[in-house]
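Chains, contacts and geometry: an overview
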Amino acid sequence: MDRPDSTAGRVAVIGAGPAGLMAAERLGQAGLRVVVFERMPSPARKFLMAGRGGLNLTHSEPREAFVRRYGEAAPVVGRWLDAFGPADLIAWVEGLGQPTFVGSSGRVFPRVMKASPLLRAWLARLGEQGVEVRTRRRWIGWRDNALRFDTPDGERIETADAVVLALGGASWPRLGSDGGWRGPVEQAGVAVAPFRPANVGFDVAWSPLFRERFAGVPLKGIALSFGGRTVRGEAMIAGYGIEGGAVYALSAALRDAVLADGAATVTLDLKPDVPLRVLTERLARSRGKASLSNHLRKTTGLDPAALALLREAGPPPDAPDIKAVPIVLAGAQGLERAISSAGGVALDALNQQLMTTARPGVFVAGEMLDWEAPTGGYLLQASFASGVVAAHGVIDWLAENRPA
């Protein structure tokens, strides 16, 4: 991409998460003067928290399946991935000195399995490009065409020729993404959809004994089904209910069903690799003097948590029960416990380069936008990609609207 000359103007990037920092890097590479404003005392706190679980960067599955993970937003997010797809992200990470590998599930991770080395290298690169990062700057809106920030020293006014808003969604508010930007954005005439928790756990009315004994215990190698979809993976029994990767993969549909109907019932196959016929034959064997629990354990290989889950579901199980344990979800956890959020700036309030139609020169990226995806690398991939798209949009817009 051509480098604008030094008169191209100053760009403010508001939000120092993955989308904002990626936009800042692309803008810095283009020779623009870039200042990143972050409300927290240090950048990328949610990114660092995600890295505690291994930092799942992206996924290696084929593009068609990858894009489907974004549901209704797939056509829009697909264009972002054309600009910066999984191969681009892997090359970028490795260009920062962090080798990657593909796990057995197809997920892509840095070999060090954490975010901090990558972030340090990234911030060093941004510094070399002349990108400035100012922390403890909470954006509170506009005054005419200037930006207003609340700082420890009081309100400050900043000017910029273009702006990238990348303030995150509304999940994990203690890390900075509290959705407080909604008011100023709506006041500017930009439509914002209500926030909803995504990739979230659900409430289940466990018995006190089950909750006390098994909260925190994983259910491994299971299949979870709802609304005609089945997902293989793991779930985690929680004191409040159930969470984990298999749950998160269905959480959008489950959340909407719970909101609409007050509850939703998922079915859990505890032995998805064992055909019903085989289970039926095993359970038909004489158990002799063995207790029912020991008979089930020996014939099916179910662990104590799975056996207890069967007891929670009702009378002594037979083979079909093991293949379809019903779990009634009575509610969804809130935004403060959600990994990500749905809702945010409406995609139809932006052009294809992510510039707001209501306020030219203002671009939006990352989880501020109204899209959602399951865990598995899809969240970070789209956030990074949207930052690239917004940066390219800024560069093109400034080339056409060069400041005097």
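Structure's up top.
Residues numbered from 1 in each chain as written. Predicted model: local features only at pLDDT ≥ 70, side-chain atom pairs only at ≥ 80, totals over all residues. Heavy atoms only, no water.

In this section: the sheet that holds strand E3 (residues 58–59). The strand order across the open sheet formed by three strands is E3-E5-E4, and the pairing between neighbours is antiparallel. Edge positions in the sheet fall to E3 and strand E4 (100–102), since each has one partner strand and no second. (Pairing = 2+ DSSP bridges. Helix = DSSP H or I, 4+ residues; strand = E, 2+ residues; numbered from the N terminus.)

All right, on to the pairing of strand E16 (residues 264–269) then. The pairing of strand E13 (residues 218–226) with E16 spans three bridges and is classified as antiparallel. In the sheet register, alanine 223 faces E16, and the bridge partner there is aspartate 269. Bridge count for E16 against strand E17 (residues 325–329) is five bridges, and the pairing is antiparallel. Looking at E17, one finds that alanine 264 is bridged to leucine 329.

Here we take up the pairing of strand E8 (residues 146–151). Taken residue by residue, a regular strand's side chains alternate between the two faces of the sheet. Taken together, the five bridges between strand E7 (residues 138–143) and E8 define a ladder with antiparallel strand orientation. Looking across to E8, one finds that arginine 143 is bridged to alanine 146. What sits between the antiparallel neighbours E7 and E8 is a turn of two residues, in which aspartate 144 has the positive phi angle 55 degrees. Of the strand pairs in this sheet, E8 and strand E9 (residues 154–158) are connected by five bridges, and their pairing is antiparallel. Bridge pairing in E9 links threonine 151 to glycine 154. Between the antiparallel neighbours E8 and E9 lie two residues.

Turning our eyes to something else, we now look at the side chain of threonine 151. Note on placement: threonine 151 falls in strand E8. On the basis of relative accessibility, which here comes to 9%, the residue threonine 151 falls in the buried class. (Buried < 20%, exposed > 50% of the residue type's maximum accessible area, 1.4 Å probe, protein only.)

Any two packed helices are characterised by how steeply their axes cross, that is the angle between the axes, and by the distance between the axes. Look at helix H4 (residues 74–83) against helix H15 (residues 378–400): their axes get within 8 Å of each other, and the N-to-C directions meet at 75 degrees. With respect to H15, the element H4 is oriented roughly perpendicular. Facing H4, whose interface residues are Val77, Trp80, Leu81 and Ala83, H15 presents Gln381, Ala382, Ala385, Ser386, Val388 and Val389. Of the residues belonging to the contact of H4 with H15, the class tally is eight nonpolar, two polar and no charged. (Axes fitted to C-alpha atoms, helices over the stretch in contact; angles between N-to-C directions. Parallel < 35°, antiparallel > 145°, perpendicular 65-115°, else oblique. Contact = heavy atoms within 4.5 Å. Nonpolar A, V, L, I, M, F, W, Y, C, P; charged D, E, K, R; others polar.)

Take the layout of surface pockets next. Roughly 560 Å³ of volume is contained in the second largest pocket. Take the lining of the second largest pocket: its biggest share by element is five residues, from helix H10 (residues 251–261). For the lining of the second largest pocket, the per-class residue count stands at 14 nonpolar, four polar and nine charged. (1 Å grid on protein atoms, 1.4 Å probe; cavity = no way out; pocket = protein on both sides within 12 Å on 5 of 7 lines; lining within 4 Å. Points joined across faces, edges and corners; volume = space filled by probe spheres on them.)

Looking now at the packing of aromatic side chains. Enumeration over the complete set of coordinates arrives at 16 aromatic pairs. Summarising the aromatic geometry, the rings of phenylalanine 66 and tyrosine 378 are spaced 4.9 Å apart at their centres and angled 70 degrees between planes, so their arrangement reads as edge-to-face. Taken together, the residues phenylalanine 66 in helix H3 (residues 63–68) and tyrosine 378 in helix H15 connect sequence positions 312 residues apart. In this structure phenylalanine 66 comes out as buried when scored by relative accessible area, which is 2%. Three or more aromatic residues joined by ring pairs make a cluster, and in this case those are Phe66, Tyr70, Trp80, Trp371 and Tyr378. A cation sits over an aromatic face here: arginine 359 above tryptophan 142, 4.1 Å from the ring centre. (Phe/Tyr/Trp six-rings, centres within 6.5 Å; stacked < 30°, edge-to-face > 60°. Lys NZ or Arg CZ within 6 Å of the ring centre and 35° of its normal.)

These values are about where atoms sit, not about what they do.
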